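Coordinate inspection notes
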Amino acid sequence: MIVSEYVRGLKNNYVRIRELTLPDERKYQYCIMKRGGITGLLPFEIRYIDSDAYMYYDITSRQNLSSLYSKKPLDRMWISSFFSSMKKIRNETVRFLLDPANLIWNPSNIYQDLKTGKFGYLYVPYLNEDNGMNEMMDFLISHVDYSDDELVRCVYSIAEQYKSGGDVYLSDKVYSDVASLKISEEVKEDRVISQDPDDRGSVETQDRSDDLSPGRDMDVVYAQAEKIGNAFKMPDERPLRLKPGSSINAGSDREGSAKKSGGIMDMIRSIRVRDKKIRQDYDFGYGIEPEAAVAEEPGYSDQESDSDSEGTIYVELPLEENTRRLISETGQVFHVINEDSLVIGKKEEEVDLYVGDEGISRMHARIFRNGDDYFLEDLNSTNGTFKNGLRLKPYEQRKLEKGDEIKFAARKLIFT
């Protein structure tokens, strides 16, 4: 299992993965990744710290899918966009003679640019571990928009077929399945994002039928790429196998891992029950409502009236206040925290608390409740999130106490 951690540089934020053995940087995949410039792959470099090697990926100004979609469902436009991106990045890796099985798919390590909507992926050279596709399938099932029955059936079908077919299914058939989803012109116009001139006019969130429909014969592409790539291999390197189902790097272990996942139908039933309850309680999302302690209604006895003919008088006292506040430096109430999860930033459609300061990121930080405690989390912000003067790492979570000073870039607030 890939273990990643977040680190902050002077100007950039990174996610890093430790290499279990020191890499031979002369090998082809390392050379290509260090060269960079592959559309869709996050910038990559190798650093050595205390005799250990780490792969650093630049995630500045991006959000991982787990955080970005923690409070909103995935609609059919997003599903179409994501699988279009999947096809592009798999084809792009083959074009550069890299193995698509080395792409990382768990949602906490797939990043989306909040400005362009484009996806960014991690590529781990010579990966010999699970690439996280099972976690991605669980993520899609858990977060799909359950108000769209056709979309739900499509996502369930994808998960079932991946369970039985593994990477062979993802290499081609999945795109025609997703292409069958119809997206209204109104939604397309509303969701199209400005084009990137460096991407030859492609738009990541725009529905493109040619992106998801089966294209040219990939067997020929795989065969030609393998022939060229193997000519560059060093004597001790394993042969390059790019065709899904035949890759030595992927092997039977990866396909087996897809088949080992629990019963999809059991998961579907439990999620449907959960989703129905949540939609009755909320107007949004799919998160589980945290359990909260219920205080007994206190009774108050007025002893002076005990001898009165009317008997004891019970006075209902208000429950102890559990809400928390953010107080500005001038002592004014900046925000009353009634939410279980409060996302702070300046992208109004994505956050719960808008802060329009110049140094605030689109999704800057989050304050959330876990039981009776509140925590502060940095959401990969550019200018940092601070608790009592100490800067949090990207996605680091720290417990808040009353009186703590919180700083979002230059904005200072007191948690009470």
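These numbers were taken from a predicted model, which means no experiment stands behind them.

Along its length, the chain carries 12 helices and 18 strands. Looking at the chain as a whole, 47% of its 416 residues qualify as buried. Carbon and sulfur atoms provide 48% of the accessible area of the chain, an area that totals close to 21,700 Å².

Attention shifts here to the nonpolar core. Residues Ile-79, Phe-82, Trp-105 and Leu-140 are the most contacted members of the largest nonpolar core, which totals 69 residues. Setting aside chain neighbours within four positions, we find Leu-140 in contact with Leu-74, Trp-78, Ile-79, Phe-83 and Val-155. By size, the runner-up hydrophobic cluster in this structure holds 18 residues, among which are Leu-326, Ile-344, Ile-406 and Leu-413.

Turning our eyes to something else, we now look at the pairing of strand 2 (residues 13-19). Within strand 2, 6 of the 7 residues are buried, which leaves the element mostly enclosed by the surrounding structure. Note: strand 2 against strand 4 (residues 52-58), 6 bridges, orientation antiparallel. Bridged to Arg-18 within strand 4 is Tyr-54.

Under the criterion given, the structure shown has 19 salt bridges. Residue Arg-47 is joined to Glu-45 by a salt bridge in which the shortest nitrogen-to-oxygen separation is 3.2 Å. Taking relative accessible area as the criterion, Glu-45 reaches 32% and is therefore assigned partly exposed. Across the salt bridge formed by Arg-76 and Asp-148, the nearest N and O atoms sit 2.8 Å from each other. Of this pair, Arg-76 sits in helix 3 (residues 76-95) while Asp-148 sits in the loop between helix 4 (133-143) and helix 5 (149-165), and the two are 72 residues apart along the sequence. Residues joined by salt bridges that share partners form a network here, namely Arg-76, Asp-148 and Glu-150.

For the rest of this paragraph, the subject is the sheet that holds strand 3 (residues 44-49). Here we have 4 strands laid out as an open sheet, ordered 1-2-4-3, and antiparallel in their pairing. In this open sheet, the two strands that pair with only one neighbour each are strand 1 (4-8) and strand 3. On average, each strand axis in the sheet is inclined to that of its neighbour by 35 degrees, with strand direction left out of account.

We now examine the confidence of the model for the chain. Summary statistics for the chain give a mean pLDDT of 79 and a share of 67% for residues scoring 70 or more. Counting interchain partners and residues more than four positions distant, the pLDDT-below-50 stretch residues 193-210 has 35 contacts. Across residues 281-309 the pLDDT falls below 50, and counting only partners more than four positions away or on other chains, this stretch makes 38 contacts in the model.

A few words on the sheet that holds strand 10 (residues 341-345). With respect to topology, 5 strands assemble into an open sheet ordered 11-10-12-13-16, the strand pairing being mixed. Across the chains shown, the open sheet's two edge strands, defined by having one partner strand only, are strand 11 (353-354) and strand 16 (397-400). Inspection of the sheet shows strand 13 (residues 373-378) paired to strand 16 by 4 bridges, in the antiparallel sense. By the bridge assignment, Leu-376 is partnered in strand 16 with Arg-398.

All right, on to the packing of aromatic side chains then. Applying the stated rule across the entire model yields 14 aromatic pairs. Between Trp-78 and Phe-82, the ring centres sit 5.2 Å apart and the planes meet at 5 degrees, which makes this aromatic pair stacked. With Trp-78 and Phe-82 both in helix 3 and 4 residues apart, this pair spans about one turn of that helix. Take Phe-82: its relative accessible area is 0%, and that puts it in the buried class. Seen in terms of ring centroids, Phe-82 and Phe-83 are 5.4 Å apart; in terms of plane orientation they differ by 80 degrees. Their pairing is edge-to-face. Residue classification places Phe-83 among the buried positions, given a relative accessible area of 1%. Three or more aromatic residues joined by ring pairs make a cluster, and in this case those are Tyr-69, Trp-78, Phe-82, Phe-83, Trp-105, Phe-119 and Tyr-121.

Calculation notes
Residues numbered from 1 in each chain as written. Predicted model: local features only at pLDDT ≥ 70, side-chain atom pairs only at ≥ 80, totals over all residues. Heavy atoms only, no water. Helix = DSSP H or I, 4+ residues; strand = E, 2+ residues; numbered from the N terminus. Buried < 20%, exposed > 50% of the residue type's maximum accessible area, 1.4 Å probe, protein only. Areas by Shrake-Rupley, 256 points an atom, 1.4 Å probe, with all protein chains shown as cover. Core = buried A, V, L, I, M, F, W, Y, C linked by side-chain atoms within 4.5 Å. Contact = heavy atoms within 4.5 Å. Pairing = 2+ DSSP bridges. Salt bridge = Lys/Arg side-chain N within 4 Å of Asp/Glu carboxyl O. Axes fitted to C-alpha atoms, helices over the stretch in contact; angles between N-to-C directions. pLDDT = per-residue confidence, 0-100. Phe/Tyr/Trp six-rings, centres within 6.5 Å; stacked < 30°, edge-to-face > 60°.

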